[in-house]
Amino acid sequence: MSRELILQPLTAEAFAPFGEVLEVRGAPDKIINQELCGRHHDLADLDFGTGRAGISIFNATPRTLPFTLDMVERHPEGAQAFIPMHQNPYLVVVAPDDAGKPGALQAFLAGPGQGVNYRRNTWHAVCCPLSAPGLFAVVDRIGDGDNLEEHWFDTPWEVVDAAT
Ligand SMILES: NC(=O)N[C@@H](O)C(=O)O
Ligand code: NI
């Protein structure tokens, strides 16, 4: 037996309780490079506590819908940003904290040109591309201590497309 989560489009407003959506939105903050580039400046709260920022590349295996979500995780010591190195949709699932466990889950479908920054300690599903290449540049905390907390659901969730 499982429970369904219906995908919704990823928007900055809906995602605001969980972090920031990294995308070109509105006019650039600054025009640079001989007016050949618009800079959309300082888009995320990159809180890494006592650690430092690191950039890694995730090459993740594509998943298919309906996606069985059996766990979420969080990083108590730092934020984690995912910047797709492709233009394909991918899954973003988050939840608020509820007394040390994930509260109400929300599933989003990220579109072309959208990255996300999970605010420090935000419950989220792991990196979930829906097609190859599942390549993401990831900016997260490098440092000492345990920065990973997992929560495994007793009953999995099925993430389904709204259209089904
Ligand atoms: N564990 C790890 O590096 N990846 C996860 O944090 C994830 O969010 O995919
Ligand atoms: Ni993570």
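Residues numbered from 1 in each chain as written. Chains lettered and ligands numbered in written order. Predicted model: local features only at pLDDT ≥ 70, side-chain atom pairs only at ≥ 80, totals over all residues. Heavy atoms only, no water.

Quick reminder of the rule: UniProt positions are given in the numbering used here, feature names are shortened, and annotations may be inferred rather than shown by experiment.
Identification of the chain as Ureidoglycolate lyase from Sulfitobacter delicatus is taken from an unreviewed UniProt entry. The record held by UniProt for the chain lists under Catalytic activity (unreviewed entry) the comment "(S)-ureidoglycolate = urea + glyoxylate".

## Topic: the overall build of the chain
Just so we agree on the cut-off: Secondary structure elements are taken from DSSP: a helix is a run of H or I of four residues or more, a strand is a run of E of two residues or more, and numbering for both begins at the N terminus. The atom set for the radius of gyration is the C-alpha atoms, and the globule formula is 2.2 Å times the number of residues raised to the power 0.38. A 1.4 Å probe rolled over the protein chains alone gives each residue an accessible area, and that area as a share of the maximum for its type sets the label: buried under 20%, exposed over 50%, partly exposed in between. Two residues form a contact once any of their heavy atoms are found within 4.5 Å. We get accessible surface area from the Shrake-Rupley algorithm with a probe of 1.4 Å; when it comes to residues, only the shown protein chains can shield them. Asp and Glu count as negative and Lys and Arg as positive, but His and the ends of the chain are not part of the count. Charge positions are represented by NZ for Lys, CZ for Arg, CG for Asp and CD for Glu.
If you tally the helices and strands in the chain, you get 1 helix and 17 strands. On C-alpha atoms alone, the chain measures out to a radius of gyration of 16 Å, which is about the 15 Å that the 2.2 N^0.38 rule sets for 164 residues. Over its C-alpha atoms, taken along the principal directions, the chain stretches across nearly 60 × 40 × 30 Å. Counting only residues that meet the buried cut, the chain has 40% of its 164 residues in that class. Taking the contacts inside the chain whose residues are at least 6 apart along the sequence as the reference set, 81% of them involve residues at least 24 apart. For the chain, the exposed surface amounts to about 8,800 Å²; the carbon and sulfur share of it is 53%. Charge-centre separation for the chain: the mean point of 11 positive side chains lies 5 Å from the mean point of 22 negative side chains.

## Quick word on the coordination of the nickel ion (ligand 2)
Geometry sets the ideal angles at a metal, namely 109.5 degrees for four tetrahedral donors and 90 or 180 degrees for six octahedral donors. Defined as follows: The donor definition counts N, O and S atoms within 2.8 Å of each metal and applies 3.2 Å to Na, K and Ca; water is not among these atoms, so some sites may look incomplete.
Coordination of the nickel ion (ligand 2) by the protein involves Glu73 (OE), His75 (NE2), Gln80 (OE1) and His124 (NE2), with metal-donor separations of 2.0 to 2.2 Å. If you list the donors of the nickel ion (ligand 2) from N- to C-terminus, the spacing comes out as E-x1-H-x4-Q-x43-H. Separated by 49 residues along the polypeptide, His75 in the loop between strand S7 (67-74) and strand S8 (80-84) and His124 in strand S14 (residues 123-124) bring together distant segments of the chain.

## Comments concerning the site of ligand 1
Quick reminder of the rule: Throughout, near means a residue has at least one heavy atom within 4 Å of the molecule or strand. Under the rule applied, a polar contact is a pair of N or O atoms within 3.5 Å (in protein, one hydrogen donor and one hydrogen acceptor; residues adjacent in sequence only if both atoms are side-chain atoms). Under this grouping Gly is polar, as are all residues other than the nonpolar Ala, Val, Leu, Ile, Met, Phe, Trp, Tyr, Cys and Pro and the charged Asp, Glu, Lys and Arg.
By nearness alone, every residue bordering ligand 1 is listed as Phe58, Glu73, His75, Gln80, Phe82, His124, Val126 and Cys127. Here an oxygen atom of ligand 1 sits 3.1 Å away from a polar atom, N or O, in the side chain of His124. With respect to ligand 1, the backbone of Cys127 contributes an N or O atom lying 3.1 Å from an oxygen atom. Computed on the free molecule, ligand 1 has an accessible area of 270 Å², of which 73% lies beneath the protein chains in the complex. For the shell around ligand 1, the class distribution of residues is 4 nonpolar, 3 polar and 1 charged.

## Points about the packing of aromatic side chains
To describe a pair of aromatic rings, one takes the distance between the centres and the angle between the planes. To keep things clear, this is the line we draw: The pairing test for Phe, Tyr and Trp rings, Trp by its six-membered ring, is centres within 6.5 Å, and the orientation test on the planes gives stacked under 30 degrees, edge-to-face over 60, and tilted for anything in between.
Under the counting rule described, the total for this entry stands at 7 aromatic pairs. For the ring pair Phe82 and Phe136, a centre distance of 6.2 Å and an interplane angle of 80° mean the geometry is edge-to-face. With Phe82 in strand S8 and Phe136 in strand S16 (residues 135-142), this pair connects stretches of sequence that are 54 residues apart. Exposure class is identical for Phe82 and Phe136. Each is buried. A network of ring pairs unites the aromatic residues Phe15, Phe18, Phe58, Phe82, Tyr90, Phe108, Tyr118 and Phe136 as a single cluster.

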